[in-house]
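Structural features, examined
Chain by chain, the residues run as shown.
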Amino acid sequence: MIKYCKRCLYPSNHPLNLIIDEHGICSGCRVHEEKNIINWEKKRSQFSNIVKEYKSNSGKNYDCIVPVSGASDSYYILHLVKNIYKMNPLVVTYNKQYNTKLGIRNLANLKDKFDVDVLTLTVDPYIVKKITRHTLRVFGSIYWHCIAGQTVFPVQVATRMKVPLIIWGCHQGLDQTGMFSHHDQVEMTRKYRKEHDLLGFEAEDLIEDIDGLTIQDVSQYIYPDNQEITNVGVRGIYLNNFFRWDSKTQHQLMVKKYDYGSYFQNRTYDTYNNSDCWNYNDLHDYIKFIKFGYSKVVDQVCRDIRLCHISRSKAIDIVNNYIFKKPKNSNLFFNWLGITKNAFNYVMDQHRNKDIWIRDENWNWTLKKDFLVNSYFKYPEEKVEEPILVEGFENNNNKFSSDDDDSYILIGKGC
Ligand SMILES: [Zn+2]
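Remarks on the pairing of strand β1 (residues 64–67)
Neither face of β1 is exposed, since C64 and V66 on one face and I65 and P67 on the opposite face are all buried. Examined bridge by bridge, β1 and strand β2 (residues 89–94) share 4 bridges and lie parallel to one another. Bridge pairing in β2 places I65 opposite L90. In this fold, the crossover linking β1 to β2 by way of helix α3 (residues 74–84) has right-handed handedness.

Topic: the packing of α3 against helix α12 (residues 247–258)
One can describe the packing of α3 onto α12 by two numbers: an axis separation of 9 Å at closest approach and a directional angle of 70°. Here α3 is positioned roughly perpendicular relative to α12, judged by the angle of their axes. Across the interface between the two elements, Y75, Y76 and H79 from α3 touch Q250, M254 and Y258 from α12. A per-class count over the contact of α3 with α12 returns 4 nonpolar, 2 polar and no charged.

Some details on the packing of helix α14 (residues 296–306) against helix α15 (residues 312–322)
Relative orientation of the contacting elements α14 and α15 amounts to 165°, with a least axis distance of 10 Å. What the angle tells us is that α14 and α15 run roughly antiparallel. The handedness of the crossing between α14 and α15 comes out as right-handed. Here V297, V298, V301 and I305 of α14 lie close against α15, whose contacting residues are R312, A315, I318, V319 and Y322. By residue class, the composition of the contact of α14 with α15 is 8 nonpolar, no polar and 1 charged.

Section: the nonpolar core
Judged by nonpolar contacts, the single largest core of 81 residues is most densely connected at C64, I65 and V301. The element that contributes the greatest number of residues to this core is helix α6 (residues 144–161), accounting for 8 residues. Residue-level mapping places this core at the junction of two domains, with at least three residues from each of domain 1 (39–241) and domain 2 (279–398). Excluding residues that lie within four positions of it along the chain, I65 makes contacts with P89, L90, V92, P154, V157, A158, V163, L165 and I166.

Looking at the environment of F333
Here F333 shows up in helix α16 (residues 330–337). Sequence separation between F333 and I142 is 191 residues; the distance between their C-alpha atoms is 9.1 Å. When residues no more than four places from it in sequence are discounted, the contact partners of F333 are I142, N279 and L283.

A few points about helix α4 (residues 101–114)
Compared with an ideal rise of 1.5 Å per residue, which puts 14 residues at 20 Å, α4 spans 20 Å between its outermost C-alpha atoms and is within 8% of the ideal. Turning to α4, its buried residues are K101, L102, G103, I104, R105, N106, L107, L110 and F114. Among the structural elements, α3 and β2 are those in contact with the buried residues of α4. D115, located one to two residues past α4, shows a positive phi value of around 55°.

Quick look at the domain arrangement of the protein
Interfaces are often sized by the amount of accessible area the parts lose when they come together. In terms of domains, the protein is made up of domain 1 (39–241) and domain 2 (279–398). Placing a centre on the C-alpha atoms of domain 1 and another on those of domain 2 gives a separation of 27 Å. If you look at the interface, domain 1 gives 11 residues, while domain 2 gives 12 residues. With 5 residues, helix α5 (residues 125–139) is the largest single contributor of residues to the side of domain 1 that touches domain 2.

Remarks on the environment of K194
Of note, K194 is situated in helix α8 (residues 190–197). The exposure class of K194 is partly exposed, given the 18 C-beta atoms found within 10 Å. In the structure, K194 is positioned 43 residues away from T151 in sequence and 9.9 Å away in space, judged by C-alpha atoms. Beyond its immediate chain neighbours, meaning those up to four positions away, K194 contacts G200 and E202.

What counts as what
Residues numbered from 1 in each chain as written. Predicted model: local features only at pLDDT ≥ 70, side-chain atom pairs only at ≥ 80, totals over all residues. Buried ≥ 20, exposed ≤ 12 C-beta atoms within 10 Å, placed from the backbone. Helix = DSSP H or I, 4+ residues; strand = E, 2+ residues; numbered from the N terminus. Pairing = 2+ DSSP bridges. Right-handed = clockwise from strand over helix to strand, strands pointing away. Axes fitted to C-alpha atoms, helices over the stretch in contact; angles between N-to-C directions. Parallel < 35°, antiparallel > 145°, perpendicular 65-115°, else oblique. Contact = placed C-beta atoms within 7 Å. Nonpolar A, V, L, I, M, F, W, Y, C, P; charged D, E, K, R; others polar. Left-handed = near helix turned anticlockwise from the far one by under 90°. Core = buried A, V, L, I, M, F, W, Y, C linked by C-beta atoms within 7 Å. Domains from an automatic or database assignment. Expected span 1.5 Å × (residues − 1).

Below, the structure is given as structure tokens:
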């Protein structure tokens, strides 16, 4: 039976190894407690010592690599690395190809405001679709290529260009589920990436299947070998080990300081994260609900309960308000991939979590009664309700965009 944390709303079946203790409090909430007692000044000086070590003395190479997407932590990482700690970063970005107009705009604005060099990888869209057809069928994932690309491109660039330090924003396993303590100072590993980011499958593992994928098709997603990594001394550190992480407060500062753009999304109240993608908080998120019975809005309310931005009871209302909403942008994805809605639904039925879902008398999927009784969900069917907004999560998109361009932008100039 799925249990729920008494303090946040996480379920015990969270895929990032959540543990609920004898007091009914989850490991993520326990590790969060550290945020209020850690001597952050000391942590910041540890960070300062690390970056000093990597500064290019000759000035001929970059000091570090900073991976960005144009949304989420991108601005805040650069704010710290470039403007506070005065490093000279090479910014790298994997083009996920599901780009919104706002995401392209935010990325262009980032180049401008932070005055940095940006290296972008756009993999042949034909190959990306071929891989995505495969991962959709085998793992029920439309996002594997994005995660694989985002987590490997920075490492490939670091080894090729001999820039050993990669600076990431927030470590999800630490911040969400308390898989590590802040004191572990966990760094990037190939193992974590494979097991948790990539659903247990590296790029090489995909080609053994029957879709005609070749090693050339997936070469942009292959992790450099250990020898190459050791030769350059590549390491990846996470800023939330050194700075008290608070996504909402950070984004409010980024809006003020650098004109970061935000917008309302269909399946969550958080206007700041993942606004660069048509799918992340839409179709991809709905798939998460089908597979696990929870979704991104749960991640976000858990984060904001812990940071005291919202109460637990308000969080329950928020989750119920958003989690049942049907995705709005599915047709864009079906057209892009060249599949029908029926084919998609057929595939998703193979990946639907049968411990949570059951067919009703009309052959529609509905949440099982015992699942509902034991959870905080108030109603199983979609209702048309005004979305619940949360103070501090602003939408300033109309400042940057006068029309709704309902298409993926592969490459755009952003202004
Ligand atoms: Zn919790």
